[in-house]
Amino acid sequence: MVQKSVAEINIETLVAAGVKRIYGVAGDSLNGILEEIGKRKDIEWIMVRHEETGAFAAGAEAHLTG
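The notes below deal with the structure included here. (Residues numbered from 1 in each chain as written. Predicted model: local features only at pLDDT ≥ 70, side-chain atom pairs only at ≥ 80, totals over all residues. Heavy atoms only, no water.)

**Things to note about the environment of glutamine 3**
- Here glutamine 3 lies in the segment before helix H1 (6-16).
- Residue classification places glutamine 3 among the exposed positions, given a relative accessible area of 70%. (Helix = DSSP H or I, 4+ residues; strand = E, 2+ residues; numbered from the N terminus. Buried < 20%, exposed > 50% of the residue type's maximum accessible area, 1.4 Å probe, protein only.)

Here it is, written out as structure tokens:
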């Protein structure tokens, strides 16, 4: 049986929920998540410089795309 990492399970769950983009601040604690996103074509990481910027960007995208 092939074991999956926590990062792989998290990203698979987000993709299954319809998430296309993740806005966030990069850091060592997210290395596993970022590596998993980099392997995939169905979800995208958008790095921002501040948490509030990511929240505003995600909110704006949700507002504009429904």
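**Regarding the pattern of salt bridges**
- All chains considered together, the criterion is met by five salt bridges.
- Residue glutamate 44 pairs with arginine 21 through a salt bridge whose shortest N-O separation is 3.3 Å. Taken together, the residues glutamate 44 in strand S2 (residues 44-47) and arginine 21 in strand S1 (residues 21-24) connect sequence positions 23 residues apart.
- Taking the relative accessible area as the measure of exposure, glutamate 44 reaches 40% and is therefore partly exposed.
- You can call arginine 21 partly exposed: its relative accessible area is 34%.
- The partner of aspartate 42 in a salt bridge is arginine 40, and the shortest N-O contact between them spans 2.9 Å. (Salt bridge = Lys/Arg side-chain N within 4 Å of Asp/Glu carboxyl O.)

**Section: the nonpolar core**
- Counting residues in each nonpolar core, the largest one holds six residues, listed as Ala7, Ile11, Ile22, Ile33, Ile37 and Ile43.
- Elements that contribute at least two residues to this core include exactly H1 and helix H2 (31-39).
- Residue contacts for isoleucine 43: discarding those within four places in its chain leaves Ile11, Leu14, Val15, Val19, Lys20, Arg21, Ile22 and Ile37. (Core = buried A, V, L, I, M, F, W, Y, C linked by side-chain atoms within 4.5 Å. Contact = heavy atoms within 4.5 Å.)

**Considerations on the packing of H1 against H2**
- The N-to-C vectors of H1 and H2 enclose an angle of 55 degrees; their axes lie 9 Å apart at closest approach. Relative to H2, the element H1 lies oblique. H1 and H2 meet at a crossing whose hand is right-handed. Here Ala7, Glu8, Asn10 and Ile11 of H1 come into contact with H2, specifically with Gly32, Ile33, Glu36 and Ile37.
- Residues that form the contact of H1 with H2 fall into these classes: four nonpolar, two polar and two charged. (Axes fitted to C-alpha atoms, helices over the stretch in contact; angles between N-to-C directions. Parallel < 35°, antiparallel > 145°, perpendicular 65-115°, else oblique. Left-handed = near helix turned anticlockwise from the far one by under 90°. Nonpolar A, V, L, I, M, F, W, Y, C, P; charged D, E, K, R; others polar.)

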